[in-house]
2 protein chains.
Amino acid sequence: MINTWELMARLLPIWKFIKKYNGADALCDLVAGITVGLTLIPQVIAYASLAGLEPQYGLYSALCGGIVYAIFGTIPELNIAPTALLSLLTYQYTHKVTFGNVKAAIMLTFFAGILELLCGILHLGFLIDFVSTPVVSAFTSAGAITIASSQIKNLFGLKYNAENFIQVWKNFFMHISEVQLWDTALGFGCIIVLLAMRTLKDYGEPPVSTEKTPEKSSTYKKIIWFISVGRNAMVVVGCAFMAYIFKIYDHKPFALTSKVPSGFPSFSVPLKPIEASNGTSGTDISQMLAELGYSIAVIPFIAIIANVGIAKAFAHGKVVDASQEMVAVGLCNIAGSFFGSYPVNASFSRAAVSSASGVRTPLSGIYTGIMVMLAFTFLTPYFPYIPKATLAAVIICAVVFMVEVAITKMIWRINRLDMIPFIITFICCLLMGIEVGILIGILVEVCKLMYFTSRPKIMVKKIHGRRTYVRVTLNSLVFFSSAEYCREKIFQCVLDSGQMFSLVLVDCTQTTDMDFTAGKCFESLIKDLKKIDKSLIFLASNEHISKMLQASCGKDVVICKSEEEFDVSCPGKINAVSNGDMETVTTQM
Amino acid sequence: MINTWELMARLLPIWKFIKKYNGADALCDLVAGITVGLTLIPQVIAYASLAGLEPQYGLYSALCGGIVYAIFGTIPELNIAPTALLSLLTYQYTHKVTFGNVKAAIMLTFFAGILELLCGILHLGFLIDFVSTPVVSAFTSAGAITIASSQIKNLFGLKYNAENFIQVWKNFFMHISEVQLWDTALGFGCIIVLLAMRTLKDYGEPPVSTEKTPEKSSTYKKIIWFISVGRNAMVVVGCAFMAYIFKIYDHKPFALTSKVPSGFPSFSVPLKPIEASNGTSGTDISQMLAELGYSIAVIPFIAIIANVGIAKAFAHGKVVDASQEMVAVGLCNIAGSFFGSYPVNASFSRAAVSSASGVRTPLSGIYTGIMVMLAFTFLTPYFPYIPKATLAAVIICAVVFMVEVAITKMIWRINRLDMIPFIITFICCLLMGIEVGILIGILVEVCKLMYFTSRPKIMVKKIHGRRTYVRVTLNSLVFFSSAEYCREKIFQCVLDSGQMFSLVLVDCTQTTDMDFTAGKCFESLIKDLKKIDKSLIFLASNEHISKMLQASCGKDVVICKSEEEFDVSCPGKINAVSNGDMETVTTQM
């Protein structure tokens, strides 16, 4: 029986560390929380525009994640807030909705949260294992390219509507004559500054001692590191200040962000139907759900994959409780949906910053949350001065390093066959949408796996010596998909081996499981072998397997538990002359 | 290079035996062909009514199958003609079609043939392996019950329209007051006579010597056997004669079959669009295809599964060339569609009769074909006297033994987990249609297989002795779905094993393949182990596997090709005192 304490610790991971939480932990978490906040705030403002929402929704969305995850999360590095990928998906699924994209985004958050919570409670964490590394990698790269492409218009000050990768580039070239000089200059300027400041990180050192730098790092290097980490914030503030100066002299050279209300988000129930007012008819929940369609399933699906992937990357080999992670992220979304949040998730870049800042517990999320609160209390009046091109630069610089080129070389070196799912996923993600692409990728991988399990390599040895027999070694799993193949192969190799070999030893010692179809196949194999005067003996050390063979092949079947038993019970004639077994032919089929 | 002869033999299996074909072979095939014809003719007339078509279409459909299969088929026992299952499906997919059910059935035959041919040419035969025995068995049983249920109305002389299993029984109980006494009496009378004549088989003996009766059987026993085999023909002729007598006296107590045209089917192109005539608008091919919908894929899918299943049952252990079988059945359907055939396939009952009659080559199909020709030349005028209740009795008696009750006990005994796909398939086939049921069954089996491949049993041994290390033995396939699980398990068992064990030996000698994801998992495992001062050595005898491990884990990784190499290169301290290895804990995770 699990005692109350263990149960609490399981349901609320915060229980595990809150008792031991001391001043040093708090200080580390505070530093990490503030550093992440510096990265987070400009990022979420930019991501909100990517999602087609006003900037304040980025901040609203960043509020609950950190705080809720502090209670239910298990990985200290993770920070739950808007991400580039989910922002893009939110835009795709909400910008055409008739009852308003804000309302739709919030509903999406609520339902995504519910589904994530359900998956966690039902312990569906193992499903993540079916998303292979090449598929995730192709998906991430294609996603990054799609996101960067969607920002091209803001970077050049263009105005057009485009849904997907192809449309974006078609529109871009159609509108290329309308490129705005000022926006373009600012956008590329920001990109150059951001990339330059990013490389600063290599010259600085994080505040915590890492493997590479075991000695305490100097204050100078720490400052350089902080400047690098805070680059988004600095560029955004700098550009907003520049736009403000221009405005004083009545210049408006850049496309700017729209005005936003300041202050806290209001608490409101995400599932409220829209009531009919004069002239407009209302929309009830079922209509809204019908309009959102299958996006309700896509968002949590992508969120879970991303989240578990990031969690594993920062778990340092420890087992990640994927189900608990789903519960935590689900609760973050559900809570957020009451405060105007759009779908949120962990982000790799924030986790990396958090890790480098020396985070110790998920409580650091609370400090980040407080920073976000301060931001929407004091900073919102200045949002209308942020140039769109600057936000585009921030987004592009954030995602461009997600494009993994090196992995193609690695896949080629390690297992060329894995290039197939990689390439198919990548192309499908770009051409058919990233969520369709990853599903196709998973399907390709599953087909590959099915093929390999249905066509196992069977080891066949012809043994001359004290005894003359054909030895066939079966694989770990003999299931319906490979059973018939095994039966045919064994029969064929007995036929091929000629008159001399009248005995087949089927070695099931490696076999861990077998199903009914396999049992029936062996039954018919024994019958067919009998007709051509050959006999078959099983070697099965596993109790479970030998019981199954007994049950399916009848009482006459000979099953040896060990090599010694085979030696004793083998009905073949013993060639006393030769000493020890001699293998003549070994083939792997 | 394959020479012309081999190629011919491959494309036209008839080539293989036609040269050696002698008088004895011809006599055997003739006897078998005629015996199958006796079973076939009443069967196909009944099946045509099951398919919602006039009786002559049963005969038209039985014409081409035997002849075409004689040239392209490989299994002598198989006879390609209408079957109960395909008749039921044909009814379901064609009876509501606006351009006429006959036209629709013929088009379905044509396209089913094309798809079967394509599957054969593309060598998709291996896909059959994914249909497990429990799924096929549940599907067959549920199909038989559905077919028998559909005949209940004819058995009781009732008239109602019902699409599926539930509707049939609901309607039956709604119309139970309208039961016709004469039809019911005749129907049940026929069933009793048919079942009684069926048991006669046990007292008779087939014309060929079998295992059970190696001595030549007596003429008396042969006659009994033929009476049993010809029972359908006798009952149908007897009942038609009875109806004829009644008619002479102006009685019409039974519901009778409708009048049919006599003579040969006319040759016509199956893809001809219906031209607009006065008052009615025409229908072009694309409209027809749209109306047929996905049934075009379902019919060949079911046909292929049934066909390969029957072929395997009669191949006596020899490898069935599933792709060639698909080609043969595809061509039978294509040829048939030019002569008014609805979808055809092999049938288990006919194959059993053919086998028992001593068939030697697929040429026996030609003799059956000639019998069918004679039937529609001379017998059609008598068709309108066949009572519907008699045909219902023939169908019910043909399918009732397809319900496999014994297999449930076997599955329970051999592998209880297989009850899940069995029960799900059975219930879904009955409630949602047999074609939906089998698809769901396959999906359940694939999920089961995926689960087992993603959660392999990993053998862990802690070895004290000359060396102290943890030995982990991996399974045959380490792919993306199990890679992360293996990584976690290995890391966990190293953590659990305590300070004493600082070395892990990962035994990949049983592993036949590994993918990129697995490679990356091992790379991160080695890194994580290093952090806690543990080391890892691979044991990989397979060249392919060791190359992959080298490529993914870098140059520092230690890979031993054999136990001896491990003994030499093992960096752990050797306990000189103890002699030989001692295993303390062995667990299977």
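## Quick word on a nonpolar patch on the surface
Line of reasoning, step 1. Taken together, Ile-366, Ile-370, Leu-374, Phe-378, Leu-379 and Tyr-382 of chain A make up a surface patch of nonpolar side chains, about 580 Å² in accessible area.
Line of reasoning, step 2. In this structure, Ile-370 of chain A sits in helix α16 (residues 364-378).

## Quick word on the packing of aromatic side chains
Line of reasoning, step 1. What the rule picks out here adds up to 45 aromatic pairs over all chains.
Line of reasoning, step 2. Between Phe-110 of chain B and Phe-111 of chain B the ring centres are 5.4 Å apart and the planes differ by 80°, which places this aromatic pair in the edge-to-face class.
Line of reasoning, step 3. When its relative accessible area of 12% is taken as the criterion, Phe-110 of chain B is described as buried.
Line of reasoning, step 4. An aromatic cluster is built from Phe-110, Phe-111, Phe-267, Phe-338 and Phe-339 of chain A, whose rings are joined through pairwise contacts.
Line of reasoning, step 5. Across the ring face of Tyr-160 of chain A, the terminal group of Lys-153 of chain A is positioned such that the distance to the ring centre comes to 5.8 Å.
Line of reasoning, step 6. Above the face of the Phe-479 of chain B ring, Lys-448 of chain A is positioned so that its terminal group lies 5.1 Å from the ring centre.

## Considering the interface of chain A and chain B
Line of reasoning, step 1. Counting from both sides, the interface comprises 56 residues of chain A and, opposite them, 56 residues of chain B.
Line of reasoning, step 2. Around 5400 Å² of area is buried between chain A and chain B when both sides are counted, 63% of it from carbon and sulfur atoms.
Line of reasoning, step 3. The largest per-residue losses of area from chain A upon contact with chain B belong to Ile-414, Phe-480 and Phe-516 of chain A, which jointly make up 15% of the total buried on that side.
Line of reasoning, step 4. At the boundary of chain A with chain B, the tally comes to four salt bridges.
Line of reasoning, step 5. For the salt bridge of Lys-448 of chain A with Asp-515 of chain B, the shortest nitrogen-to-oxygen distance reads 3.9 Å.
Line of reasoning, step 6. If you look at where chain A meets chain B, you find eleven residue pairs in polar contact (both at pLDDT 80 or more).
Line of reasoning, step 7. Among the elements of the structure, α7 (133-155), α18 (406-414), α20 (434-454), α21 (480-497), β7 (513-514), α22 (516-531) and α23 (543-553) of chain A are those that each provide at least two residues to the side of chain A that touches chain B.

## Details of helix α10 (residues 219-229) of chain B
Residue and element names in this part refer to chain B.
Line of reasoning, step 1. Turning to α10, its buried residues number three or more, namely Ile-224, Trp-225, Ser-228 and Val-229. The buried residues of α10 all sit within an arc of 135° when viewed along its axis, so they share a single face. Every exposed residue of α10 that faces more than 90 degrees away from the buried side is listed here: Thr-219 and Tyr-220.
Line of reasoning, step 2. Residues of α10 that are buried make contact with α3 (23-50), α9 (181-200), α11 (231-248) and α15 (348-356).

## Things to note about the confidence of the model for chain A
Residues and elements named next belong to chain A.
Line of reasoning, step 1. Of all residues in chain A, 92% have pLDDT values of 70 or greater, and the mean over the chain is 85.
Line of reasoning, step 2. In this model, residues 576-580 is a region of pLDDT below 50 whose contacts with residues beyond four sequence positions or in other chains number four contacts.
Line of reasoning, step 3. Reported confidences for the modelled complex are a pTM of 0.80 and an ipTM of 0.79.

## Considerations on unusual backbone geometry
All names here are of chain A.
Line of reasoning, step 1. For His-123, which is not a glycine, the phi torsion comes out positive at approximately 55°.
Line of reasoning, step 2. Take His-123: it is sitting in the loop between α6 (101-121) and α7.
Line of reasoning, step 3. One non-glycine residue, Asp-533, lies in the positive phi region at around 60°.
Line of reasoning, step 4. On the secondary structure map, Asp-533 appears in the loop between α22 and β8 (535-539).

## Quick notes on the relation of the copies chain A and chain B
Line of reasoning, step 1. For the pair chain A and chain B, the best superposition has an RMSD of 0.1 Å and corresponds to a rotation of 180° with a translation of 0.0 Å parallel to the axis. Taken together, the rotation angle and the small translation identify this as a two-fold axis. Nearest to the rotation axis, the C-alpha of Ser-476 of chain A is located 2.9 Å from it, this being the minimum over chain A.

## Remarks on the pairing of strand β8 (residues 535-539) of chain B
Where a strand is regular, its side chains alternate between the two sheet faces.
All names here are of chain B.
Line of reasoning, step 1. Across the five residues that make up β8, a large majority, four, are buried.
Line of reasoning, step 2. Pairing analysis gives three bridges linking β8 to strand β9 (residues 558-560), with the strands arranged parallel. Considered in β9, the bridge of Phe-538 is made with Ile-559.
Line of reasoning, step 3. Note that the unit made of β8, helix α23 (residues 543-553) and β9 has a crossover that is right-handed.

## Looking at the environment of Ala-315 of chain B
Residues and elements named next belong to chain B.
Line of reasoning, step 1. Relative to the assigned elements, Ala-315 resides in the loop between α13 (295-313) and α14 (322-337).
Line of reasoning, step 2. Classification of Ala-315 by relative accessible area gives buried; the value is 8%.
Line of reasoning, step 3. Put simply, Ala-315 and Ile-296 are 19 residues apart on the chain and 29 Å apart in space, counted from C-alpha to C-alpha.
Line of reasoning, step 4. Not counting residues up to four positions away in its chain, the partners in contact with Ala-315 are Ile-75 and Val-320.

## Examining the packing of helix α9 (residues 181-200) of chain A against helix α17 (residues 388-399) of chain A
Residue and element names in this part refer to chain A.
Line of reasoning, step 1. The interhelical angle for the contact between α9 and α17, taken along N-to-C directions, is 35°, at an axis separation of 8 Å. Pair α9 / α17 crosses with right-handed handedness. On α17, the residues touching Asp-183, Leu-186, Gly-187, Cys-190, Ile-191, Leu-194 and Leu-195 of α9 are Ala-389, Thr-390, Ala-393, Val-394, Ile-396 and Cys-397.
Line of reasoning, step 2. Residues that form the contact of α9 with α17 fall into these classes: ten nonpolar, two polar and one charged.

## A word on the side chain of Ser-347 of chain B
Residue and element names in this part refer to chain B.
Line of reasoning, step 1. Positionally, Ser-347 belongs in the loop between β2 (345-346) and α15.
Line of reasoning, step 2. Among the polar contacts listed, one links the side chain of Ser-347 to the side chain of Ser-349, at a separation of 3.2 Å.
Line of reasoning, step 3. Ignoring sequence-local partners within four residues, the contact set of Ser-347 consists of Asn-79, Thr-83 and Ile-310.

Cut-offs applied
Residues numbered from 1 in each chain as written. Chains lettered and ligands numbered in written order. Predicted model: local features only at pLDDT ≥ 70, side-chain atom pairs only at ≥ 80, totals over all residues. Heavy atoms only, no water. Patch = residues over 30% accessible without salt bridge, like charges linked within 9 Å, V, L, I, M, F, W, Y side chains within 5 Å. Areas by Shrake-Rupley, 256 points an atom, 1.4 Å probe, with all protein chains shown as cover. Salt bridge = Lys/Arg side-chain N within 4 Å of Asp/Glu carboxyl O. Helix = DSSP H or I, 4+ residues; strand = E, 2+ residues; numbered from the N terminus. Phe/Tyr/Trp six-rings, centres within 6.5 Å; stacked < 30°, edge-to-face > 60°. Buried < 20%, exposed > 50% of the residue type's maximum accessible area, 1.4 Å probe, protein only. Lys NZ or Arg CZ within 6 Å of the ring centre and 35° of its normal. Contact = heavy atoms within 4.5 Å. Buried area = accessible area lost by both parts, 1.4 Å probe. Polar contact = N/O pair within 3.5 Å; in protein donor to acceptor, adjacent residues only side chain to side chain. Arc of directions from axis to C-beta. pLDDT = per-residue confidence, 0-100. Least-squares fit on C-alpha atoms with pLDDT ≥ 70 in both. Pairing = 2+ DSSP bridges. Right-handed = clockwise from strand over helix to strand, strands pointing away. Axes fitted to C-alpha atoms, helices over the stretch in contact; angles between N-to-C directions. Left-handed = near helix turned anticlockwise from the far one by under 90°. Nonpolar A, V, L, I, M, F, W, Y, C, P; charged D, E, K, R; others polar.

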